[in-house]
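Below, each chain spelled out in residue letters.
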Amino acid sequence: MSLTGMGPAETRQSAPTSPTARSLWRASRMAMLLGLLIVAAAVATVALGGGGGPSRRLDPDDTSLAGSKALAQLLRARGVTVDRADSVTRARELARSGDRVLLITDTSYVLDPAGLATIPGDRVVVGDLYRVDLLAPGVRSSAQVGERSREPECPLPAARAAGSAFIGGASFTAPRGATGCYPADDDGWTLVSMPNAGGTTTVVGSGEFMTNRRLAEDGNAALALNLLGSAKAVTWLVEPPEDGAGDTVAGPDGQSVYDLMPPGVGWAVAMAAVAVLVTGLWRGRRLGPVVTERLPVVVRAAETVEGRGRLYRARRARGRAADVLRAGAIDRLLPRLGLAPDAGRNEVVAAVAARTGQDAVQVGAALYGHEPTDDAGLVALAQYLDSIERTVGEH
Amino acid sequence: MALTGRAALVAALGVVVVLVAPRPGAALAGVCLVLAAAILVDLALAGSVRPLRLHRSGETLVRLGQQAAVELVVENPGSRRVRGVLRDAWPPSAGASPRVMRLDVPPGERRRLTVTLTPTRRGDRESVAVTVRSVGPLGLAARQGRHRSPWAVRVLPPFLSRKHLPARLARLRELEGRHPALVRGQGTEFDSLREYVVGDDVRSIDWRATARRHDVVVRTWRPERDRRVLIVLDTGRTSAGRVGEAPVPLAGAPSEGGGPVGGHGAAAAARPVPGWPRLDWSMDAALLLSALAARAGDRVDFLAHDRAVRAWVSGASRTELLSSLVNAMAPIEAELVEADSRGMVSAILARAKRRCLVVLLTDLNAAALDEGLMPVLPQLSSRHLVLVAAVSDPRVADMAARKGTAEEVYDAAAAERTRLDRRRITARLRRHGVEVVDAPPEDIAPALADAYLALKAAGRL
């Protein structure tokens, strides 16, 4: 291999290596097809799954399994008006027309349960609701019981006519003057009917028999129609829509924080997101590849020696360390003293003592003595050996 | 494609526009559409990167520690101006700078860019890719493309010990001048005839020539030329250990700027900087020896071996020897395997038919030599003169000299142990008739050259 042999040609042709649009399309079309399929499948699932949005339980407009649109339709078919009311005020306004049943399926969002309890007329309370004692005075829930098909076993016409129904949830104790139906396993009832100021209050353990899922089973539909269809209209109390959060965060003037913002802020946030995206694309595009390189190992040759020193230190190997230091010193002393490499102990000690003028016993103890008892002894030994070597070297 | 900071700025200004516009929704859509349209127009009008043609020229050889300039000519055969940036990507240890260069090539013209390489280690460095980003006239978006424009630069060992060469050459001349000796000995050859002067050894009188010339003529001798020197470099695991202080900054060594091992932070800073591998010091010594031997008229061969032959240089002429050697040495790296001494000896015996000086550059590691070289050494030393040269570690000497505290004494004992082992293995090698040179990194090259000169003077080659 010579200097001239390896010199490359003066210029070489370059070749573009970045992919063309066509090769990009070829390489990615399968992946894109797969992605499209997944998106299409997801869209189809959502579209066919019906429920646009979360299901609202026992809502007369909800078509999901937990909703009650079927019951509302049945009621309307029998000439009963079904009105949704999402506030106590609205329910009270409706109640003025008279001959109405108020259906209460949830009170957790009602700010004023006492006000609700003062609405006159027939009332159906579904489930062991918050402040059920106000809505149906004297009725107390006694236990949680399983939901299953139960027999009415009571003289209440609505229940007798309907027969067995899927009911349960909570069992109630019936106060004096009230009629209990669909007995639970304990002494309570899962349906309690009692007269109130201007009509009848009926408390049922759960509303499961009114849902789209269960309405067709047993006498569920009959029971629901008997309870609700007795009047000309039903006021169906439902949860107010969530986006009308003004009820809770409204200030004294009835304006929320969002009302006070300029209308452009929301759009500006969207534009800021676009700006962040563009900035990310700007900063994220690398100019050329990351170049890797196989580097040689970096290891200091002295590492093994240092490791051995640390082992000596960790084990406090004074004997070994002293032996090595002595052997090294003797090894260097021998040629300076003019002794043969295999000189005996006495010979060496005598020669060193003669050369340095120090006590032979002391020199002997240093060169061939016992293991030092502590680290200080080892340091002293090392320094004494050094001084012997220096003295021998000087003379 | 790539977006620019200007596009991001426009999008950020769009936020303000949307905020103050009377119809923010329409403003958002408008800003986004205008930005997208401008980016598309910019992309369409940007100079195309794909048809660019790149040509390279420049240096292909550089000594470690020096700089090499590589030129890149960008030719634009397209119909639109290519304006933007260009990055010539080299491996990190090639030390290419600048990293990114401005580029502005009008259609049909060409521009020359220069990349300066400051390599930090030996070996072949190849350009990986050239990336061009061509920005459109609006400066909002750019086309980006990559080209392969191959170029390799071979980084040669620095041969720092050449500063010792003049002194050694002077001694060599002195040797040769002194030696037109009248004493015939081993390792000398017939030089010339000259007239007898009083004081010459009468045994060196050439009677046949005297008879022809009617004058007393003596034969003179000179150190034998055309001896053979085989330099064997052990590239096994012991050659990877770093000793001394690196004379040129090395890749992989923690530098002030935080090198590849800078992640250790304070721990790396507290520890001494790892120096140069034994291999590089050995190469330096080998180069000085071969320069000297070539001047002395000897033939130099070179073998690098660990478990297999890594490099073999033979029969190079005297003028070409050094360049062949540095070329052969450049790509050699220490292999992290135990060297196969048996294989090395058989490789030497197969290549060196005639008696020669075998200079074995390795480490005097007692354990490694006991297992490897010692059993097969007699085969080698019976046919050749063997010289073992090893780089000792100044850190070990430093540790052995420090005896202030108990910790230092334990370290000193460990260092002493290493030195004892080294002295013992040296003594054993000498008993086998092997010459041993054991010197710290800065001194190994002159020490090896001196040992060679001593052998030459003694006529032992």
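Quick caveat, the model's predicted, so the values are computed rather than measured. (Residues numbered from 1 in each chain as written. Chains lettered and ligands numbered in written order. Predicted model: local features only at pLDDT ≥ 70, side-chain atom pairs only at ≥ 80, totals over all residues. Heavy atoms only, no water.)

1. Quick look at helix α1 (residues 5-20) of chain B
Residues and elements named next belong to chain B.
- With 16 residues, α1 ought to run about 22 Å at 1.5 Å a step, and its terminal C-alpha atoms sit 23 Å apart, in line with that.
- Taken residue by residue, α1 has A7, A8, A11, G14, V15 and V18 as its buried positions. Take α1 and look down its axis: the buried residues cluster within an arc of 110°, on one side only. In α1, those exposed residues whose orientation departs by more than 90 degrees from the buried face are L9, L13 and V20. (Helix = DSSP H or I, 4+ residues; strand = E, 2+ residues; numbered from the N terminus. Expected span 1.5 Å × (residues − 1). Buried < 20%, exposed > 50% of the residue type's maximum accessible area, 1.4 Å probe, protein only. Arc of directions from axis to C-beta.)

2. Quick word on the packing of helix α13 (residues 318-337) of chain A against helix α16 (residues 375-394) of chain A
All names here are of chain A.
- Closest axis-to-axis distance for the α13/α16 pair is 10 Å, and the angle between their directions is 5°. The orientation of α13 with respect to α16, classified from their angle, is roughly parallel. Mapping the contact onto sequence places R318, A321, A322, L325, R326, A329, R332, L333, R336 and L337 in α13 and D375, L378, L381, A382, L385, I388, E389, V392 and G393 in α16.
- Here the residues of the contact of α13 with α16 sort into 12 nonpolar, one polar and six charged. (Axes fitted to C-alpha atoms, helices over the stretch in contact; angles between N-to-C directions. Parallel < 35°, antiparallel > 145°, perpendicular 65-115°, else oblique. Contact = heavy atoms within 4.5 Å. Nonpolar A, V, L, I, M, F, W, Y, C, P; charged D, E, K, R; others polar.)

3. Overview of the interface of chain A and chain B
- Every contact between the two is made by 71 residues of chain A and, on the other side, 91 residues of chain B.
- Between chain A and chain B lies a buried interface of about 7100 Å² when both sides are counted; carbon and sulfur atoms form 63% of it.
- When the buried area of chain A at its contact with chain B is split by residue, A:M271, A:L287 and A:R300 rank highest and sum to 10% of it.
- Residue B:R423 pairs with A:D331 through a salt bridge whose shortest N-O separation is 2.6 Å.
- Taken together, the residues that form the side of chain A that touches chain B break down as 40 nonpolar, 13 polar and 18 charged.
- Two strands pair when backbone bridges link them, and strand β1 (residues 15-16) of chain A and strand β11 (residues 141-148) of chain B are joined in this way by two bridges, in the antiparallel orientation. From the neighbouring strand, A:A15 faces β11(B), where its bridge partner is B:R148. (Buried area = accessible area lost by both parts, 1.4 Å probe. Salt bridge = Lys/Arg side-chain N within 4 Å of Asp/Glu carboxyl O. Pairing = 2+ DSSP bridges.)

4. Structural notes on the confidence of the model for chain B
- Here chain B shows a mean pLDDT of 88. Residues at 70 or above account for 91%.
- Throughout residues 252-270 of chain B the model reports pLDDT below 50, and contacts reaching past four residues in sequence, or to other chains, amount to 11 contacts. (pLDDT = per-residue confidence, 0-100.)

5. Some points on the nonpolar core
- Judged by nonpolar contacts, the single largest core of 80 residues is most densely connected at B:L86, B:V229, B:F302, B:L357, B:L361, B:L387 and B:Y452.
- The leading source of residues in this core is helix α6 (residues 278-295) of chain B, at 12 residues.
- Ignoring sequence-local partners within four residues, the contact set of B:L86 consists of B:L72, B:V74, B:R99, B:V100, B:M101, B:L103, B:L113, B:V130, B:T131 and B:V132.
- Grouped together as the second largest cluster of nonpolar side chains are 39 residues, A:A322, A:V324, A:L339 and A:I388 included. (Core = buried A, V, L, I, M, F, W, Y, C linked by side-chain atoms within 4.5 Å.)

6. Examining the sheet that holds strand β18 (residues 299-305) of chain B
Residue and element names in this part refer to chain B.
- The strand order across the open sheet built from six strands is β19-β18-β15-β20-β21-β22, with neighbouring strands paired in mixed fashion. Each end of this open sheet is capped by a strand with a single partner; those strands are β19 (309-313) and β22 (435-439). Taken pair by pair, the neighbouring strands of this sheet meet at an average axis angle of 15°, ignoring direction.
- Judged from the five bridges that link them, strand β21 (residues 385-391) and β22 form a sheet pairing that is parallel.

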